[in-house]
Amino acid sequence: MIIKNLAVVGAGSMGHQIAMLGAIAGYETKLQDISRESLEKAEAKLAGIMDKWVKKEKISKADREEAFTRLHFTTELDEAVGGADLVIEAVVEKLEVKRQVFAKLDKYAPSHTIFATNSSTIVSSLIADATSRPEKVCNMHFFFPPLVMDCVEVVKGEHTSEETATVAMKVCEEMNRTAVLLQKEISGFIANRILFAIQKEAMSLYEGGYADYEDIDKIVKKALNHPIGPFELMDLSGIDVGYYVMQQQYQETGDPKDRPSKTLEEKMKAGELGRKTGKGFYTYENPVKS
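This structure is a prediction, so every number in the text was calculated from the model and none was measured. (Residues numbered from 1 in each chain as written. Predicted model: local features only at pLDDT ≥ 70, side-chain atom pairs only at ≥ 80, totals over all residues. Heavy atoms only, no water.)

Visitor: An account of the UniProt feature "site: Important for catalytic activity" (unreviewed entry) in the chain is requested, with residue identities and associated values reported.
Guide: With numbering aligned to this structure, UniProt lists the feature "site: Important for catalytic activity" (unreviewed entry) at His141. Within the secondary structure, His141 sits in strand 6 (residues 137-142). For His141, a relative accessible area of 3% translates into the label buried. Filtering out sequence-adjacent residues up to four positions away, His141 remains in contact with Thr117, Asn118, Ser119, Ser120, Cys151, Val152, Glu153, Phe189 and Asn192. (UniProt positions renumbered as here; feature names shortened; annotations may be inferred. Helix = DSSP H or I, 4+ residues; strand = E, 2+ residues; numbered from the N terminus. Buried < 20%, exposed > 50% of the residue type's maximum accessible area, 1.4 Å probe, protein only. Contact = heavy atoms within 4.5 Å.)

As structure tokens, this is what we get:
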């Protein structure tokens, strides 16, 4: 199967950058979001990023312009996916929302269209039966920010066909991203399961009063040589994202250890979601709106 037309659903911090990767790779790409304001912000942010890339000679001015001619913005889901060969969903990390989106995708997209979820933790087998084509459903988990991070976890569930997995891997290659194929599903996949283990332990140490979050970050960076501490990373990724991930894991496992911590609950209630709101564990002068 040859992919020519790509659609990305959700213009937030992940979706708009995934769409640009597609446009740069040569795909006719449509970015859809129910919010016109979100689409306008996404277009402005991408223009700024690409302008910086031109200045740094990471991309030529001509290639930048060509990419934008291939990238289209719309609030209409049927318009976005009606001619798509591959749809990548990048909406909020809530299972019920994703299932609703996939049911609509199944209605509007051609029968040959492959559906991928960019979920950071939800396996596609929990979503695939919302469609009439489970064999064409998989995970394509890009990492934040997609225009920088060179990794994609492609996850093949028991329902996923070999062709679907092969196509997903090929698209990642065309996007100049290193893809790793997981032949078996597990919630959170590989990178995030390791990351969540670190974050849970860091939160436990912080809430236990053993060290302040700033000192925990400092130790992780200095002693373990991580480029960023676990609390800094939570702020960067979005505290709401981590909160929803933990809620989903708790729903799946029923294990109290998987529940969002008291601190995350408090941050959510206060609207302190990290860099995008100007305050999370740390305070930021210039919020990065998604």
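Visitor: A description of the side chain of Thr113 should follow, citing residues and the corresponding values.
Guide: Examined against the element boundaries, Thr113 turns out to sit in the loop between helix 5 (95-108) and strand 5 (114-117). A distance of 2.7 Å separates a polar side-chain atom of Thr113 from the backbone oxygen of Ala84. Among the polar contacts listed, one links the side chain of Thr113 to the backbone oxygen of Pro110, at a separation of 3.1 Å. Excluding anything up to four places from it in sequence, Thr113 contacts Ala84, Asp85, Leu86, Val87, Arg133 and Lys136. (Polar contact = N/O pair within 3.5 Å; in protein donor to acceptor, adjacent residues only side chain to side chain.)

Visitor: So what about the state of the cysteines? Which residues, and what values?
Guide: Using the criterion set out here, one finds 0 disulfides in the structure. Summary of cysteine pairing: Cys151 is not part of a disulfide, and the nearest cysteine sulfur, belonging to Cys172, is at 9.1 Å. There is no disulfide at Cys172, and the cysteine sulfur nearest it, in Cys138, is 8.6 Å away. (Disulfide = S-S within 2.5 Å.)

Visitor: Hey, could you go over the nonpolar core for me, with residue numbers and the actual values?
Guide: Generally speaking, nonpolar side chains in soluble globular proteins are found buried as a group. By size, the foremost hydrophobic cluster in this structure holds 38 residues, and its most contacted members are Met20, Leu31, Leu86, Ile88, Met140, Phe142 and Val171. The residues contacting Ile88, other than those within four sequence positions of it, are Leu6, Ala7, Val8, Val9, Ile18, Ala116, Asn118, Met140, Phe142 and Met175. Ranked by size, the runner-up nonpolar core spans 18 residues in total, among them Val81, Phe102, Phe115 and Val137. (Core = buried A, V, L, I, M, F, W, Y, C linked by side-chain atoms within 4.5 Å.)

Visitor: Summarise helix 6 (residues 162-174); cite the residues concerned and give the values.
Guide: Its 13 residues give helix 6 an end-to-end C-alpha distance of 18 Å, which sits within 8% of 18 Å, the value for a rise of 1.5 Å per residue. All buried positions along helix 6 are accounted for by Thr164, Ala165, Val167, Ala168, Val171 and Cys172. Burial along helix 6 is one-sided: seen end-on, the buried residues are contained in an arc of 165°. On its buried face, helix 6 is in contact with strand 4 (86-89), strand 5, strand 6, strand 7 (152-155) and strand 8 (179-182). Just past helix 6, the residue Asn176 takes up positive phi, approximately 65°. (Expected span 1.5 Å × (residues − 1). Arc of directions from axis to C-beta.)

Visitor: Please set out the pattern of salt bridges residue by residue, giving values where relevant.
Guide: Scanning the model with the defined rule gives 15 salt bridges in all. One salt bridge connects Asp51 with Arg64, and the closest N-O pair in it is separated by 2.9 Å. Separated by 13 residues along the polypeptide, Asp51 in helix 2 (residues 36-55) and Arg64 in helix 3 (residues 61-70) bring together distant segments of the chain. Residue classification places Arg64 among the buried residues on the basis of a relative accessible area of 11%. Between Glu174 and Lys170 there is a salt bridge, and its shortest N-O distance comes to 3.4 Å. Of this pair, Glu174 and Lys170 are both found in helix 6, 4 residues apart, which corresponds to roughly one turn of the helix. On the accessibility criterion, Glu174 (37% relative accessible area) is partly exposed. Taken together, the shared-partner salt bridges connect Asp51, Arg64 and Glu65 into one network. (Salt bridge = Lys/Arg side-chain N within 4 Å of Asp/Glu carboxyl O.)

Visitor: Explain the packing of aromatic side chains to me, using residue names and the numbers behind them.
Guide: Here the structure, examined in full by the defined rule, presents 9 aromatic pairs. Both rings, one in Tyr206 and one in Phe231, keep their centres 5.6 Å apart while their planes meet at 70°; by these two values the pair is edge-to-face. Of this pair, Tyr206 sits in helix 7 (residues 191-207) while Phe231 sits in helix 9 (residues 230-237); the two residues are 25 residues apart in sequence, bridging distant segments of the chain. Here Tyr206 and Phe281 contribute two aromatic rings whose centre-to-centre distance is 6.4 Å and whose plane-to-plane angle is 85°, an arrangement assigned as edge-to-face. Residue Tyr206 is located in helix 7, and its partner Phe281 is located in the segment after helix 11 (262-270); the two are separated by 75 residues in the primary sequence. Classification of Tyr206 as partly exposed rests on a relative accessible area of 25%. Judged by its relative accessible area of 4%, Phe281 is buried. Here the aromatic cluster, defined as three or more aromatic residues joined through ring pairs, consists of Tyr206, Tyr213, Phe231, Phe281 and Tyr282. (Phe/Tyr/Trp six-rings, centres within 6.5 Å; stacked < 30°, edge-to-face > 60°.)

Visitor: Mind laying out the sheet that holds strand 6, listing which residues take part and the relevant values?
Guide: If you trace the 8 strands from one edge of the open sheet to the other, you get 3-2-1-4-5-6-7-8, paired in mixed fashion. Each of the sheet's edge strands pairs with one partner strand only, and the pair in question is strand 3 (71-74) and strand 8. Mean inter-strand twist for the sheet, computed between neighbouring axes without regard to direction, equals 25°. (Pairing = 2+ DSSP bridges. Axes fitted to C-alpha atoms, helices over the stretch in contact; angles between N-to-C directions.)

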